[in-house]
Amino acid sequence: MRINTVLCDLLGIQYPIIQGGMAWVATAELAAAVSEAGALGVIGAGNLPPEAVQREIQRVRSLTSKPFGVNVFLLSPFSAGVMEVIVDERVPVVTTGAGNPGKYMALLKAAGVKVLSVVSTVNMAKRLERAGVDAVIAEGMECGGHIGQIASMPLVPQIVDAVEIPVVAAGGIYDGRGLVAALALGASGVQMGTRFVCATECTVHRDYKKAIIVARDRSTVVIGRTTGHPVRVLDNKLARQVLQAETQRGSGAEIEGFAEGALKCAVVDGDTEYGCLMAGQVAAMVTREESCQQIIDHVMATAYEALERLGGVTAG
Ligand SMILES: Cc1cc2nc3c(=O)[nH]c(=O)nc-3n(C[C@H](O)[C@H](O)[C@H](O)COP(=O)(O)O)c2cc1C
């Protein structure tokens, strides 16, 4: 039995799994290890300038000859320059977050780049399909980092029904049970972020990984709702300070400033008290550091187990 979906054909990968392109977290080492393991590794460009993204792309190329992608944060002041680097370097796949990549579509399509865009509403999925993206990544609010308002379980099938292009489910997926559930909802694959933060090849500070490993079912909170840009993080002193400021003052701009830069503080300095520990609700399921190969193998093995179990279900 082999789980082969249109996503595998679209991206030239063995397994229908994409590693979320996470700012500061998804470096060349992580992306290359995921791609080597048969899924799609993605560099998180975040707010990096084009030259830095170019170096990461070249580093991935020195580590793997398999397909990989770059995630472009469309609100970054450097996003236009990063798109040019992507085209110059002939990167095979781009994933986009925080907006509509419409103005870059002609450039990317002419260069043969596959474009997958993160969406959290049905309307956005339809708009981006019209803009010509190759697939949408339907991201539920269980995920780590910036979130929408709708959970994966209702979001994914609504988007599957609304568009013709492939849909990738993201948010709340830890193992093969999540993958099979996503396929059952009509998705062609999954994107996972939080579990990969604890990959051996992920270069984030060990204390950030430890915080995810000890996390329980209610360990994440959502900060920044008053700014219009809510973010799911592990509960810590920073999160409580922001939540308190939001209740007392509701000063959006100030709170936005609070969280900005705090992700770097968590990733690089390992500040688990005042760093912004972005993580999704599946943090509770992550119990150890594992290599990307072990993670992918585990997701696929448990997917086959889940399918076998379901094969035994009889209508009653
Ligand atoms: C630490 C962290 C940073 C993230 N940064 C980005 C980002 O820069 N761009 C983006 O499109 N998504 C970002 N995400 C979302 C992931 O790409 C992915 O869609 C999400 O983590 C999937 O849900 P999960 O966390 O439940 O696995 C981030 C997620 C995490 C946990």
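Attention in this report is confined to the structure presented alongside it. Residues take numbers from 1 onward in each chain, read along the sequence in its written order. In keeping with the model being predicted, local features are shown solely for residues with a pLDDT of at least 70 and side-chain atom pairs are shown and tallied solely at 80 or more, while totals for entire chains, interfaces and linings include all residues. Each side-chain value is worked out from all heavy atoms of the structure, with water and hydrogens disregarded.

## Things to note about the packing of helix α3 (residues 50-63) against helix α4 (residues 79-88)
Quick note on the threshold: Angles here are taken between N-to-C directions and fall from 0 to 180 degrees, while the axes themselves are lines fitted to C-alpha atoms, restricted in helices to the stretch in contact. The numbering of helices and of strands both runs from the N terminus, where a helix is a DSSP run of H or I of at least 4 residues and a strand a run of E of at least 2. When describing relative orientation, an angle under 35 degrees is termed roughly parallel and one over 145 degrees roughly antiparallel, while 65 to 115 degrees is termed roughly perpendicular and anything else oblique. Left-handed describes a crossing in which the near helix is turned anticlockwise from the far one by less than a right angle; the clockwise case is right-handed. What makes two residues a contact is simply this: any of their non-hydrogen atoms within 4.5 Å.
It is at 9 Å that the axes of α3 and α4 come closest, and there the two elements cross at 30 degrees. Taken together, the axes of α3 and α4 are roughly parallel relative to one another. Handedness of the α3/α4 crossing: right-handed. In contact with Pro50, Val53, Gln54 and Ile57 of α3, α4 contributes Gly81, Val82 and Val85.

## What to know about the packing of helix α6 (residues 122-131) against helix α7 (residues 152-162)
Put simply, the test is: Note on residue classes: Ala, Val, Leu, Ile, Met, Phe, Trp, Tyr, Cys and Pro are nonpolar, Asp, Glu, Lys and Arg are charged, and everything else, Gly too, is polar.
Here α6 crosses α7 at 35 degrees, and the two axes come no closer than 9 Å. Considering how the two elements wind past one another, α6 and α7 form a crossing that is right-handed. Contact with α6, carried on its side by Val122, Ala125, Lys126 and Glu129, involves Gln158, Ile159 and Ala162 of α7 and no other residues of that element. Of the residues in the contact of α6 with α7, the class split is 4 nonpolar, 1 polar and 2 charged.

## Topic: the site of the ligand
The condition is simple: Only heavy atoms are used to decide nearness, and a residue is near a molecule or strand if one of them lies within 4 Å of it. For this analysis, a polar contact is any N or O atom pair within 3.5 Å, provided that within protein one partner can donate a hydrogen and the other can accept it, and provided that sequence-adjacent residues contribute only side-chain to side-chain pairs. All accessibility values rest on the Shrake-Rupley procedure with a 1.4 Å probe; residue burial counts only the protein chains present in the view.
Taken together, 18 residues lie near the ligand, and Glu139, Gly172, Gln191, Gly193 and Thr194 sit nearest. Separating a nitrogen atom of the ligand from a backbone N or O atom of glycine 21 is a distance of 3.1 Å. Protein contact buries 94% of the 600 Å² of open area that the ligand shows by itself.

## Considering the nonpolar core
We count it as follows: The definition of a nonpolar core used throughout is a set of buried Ala, Val, Leu, Ile, Met, Phe, Trp, Tyr and Cys residues joined through side-chain atoms within 4.5 Å. Relative accessibility thresholds used throughout: buried, under 20% of the residue-type maximum; exposed, over 50%; partly exposed, between the two (1.4 Å probe, protein chains only). These domain limits were set by an automatic method or by a database of domain assignments.
Ile86, Val136 and Tyr208 are the most contacted members of the largest nonpolar core, which totals 94 residues. Sorting elements by how many residues they give to this core places helix α14 (residues 292-311) first, with 8 residues. Two domains each provide a minimum of three residues to this core, namely domain 1 (6-203 + 288-307) and domain 2 (220-278). Ignoring sequence-local partners within four residues, the contact set of isoleucine 86 consists of Val70, Val72, Val91, Val94, Leu108 and Val113. Ranked by size, the runner-up nonpolar core spans 13 residues in total, among them Leu11, Leu40, Ile137 and Ala170.

## Focus: helix α2 (residues 28-36)
Burial of α2 is extensive: 7 of the 9 residues sit out of reach of the surface. Listing the buried residues of α2 in full gives Ala28, Leu30, Ala31, Ala32, Ala33, Val34 and Ser35. Lining the buried residues of α2 we find β1 (17-19), β2 (41-44), α3, β3 (68-73), α9 (194-197) and α14. The first or second residue beyond α2 is glycine 38, which carries a positive phi of 105 degrees.

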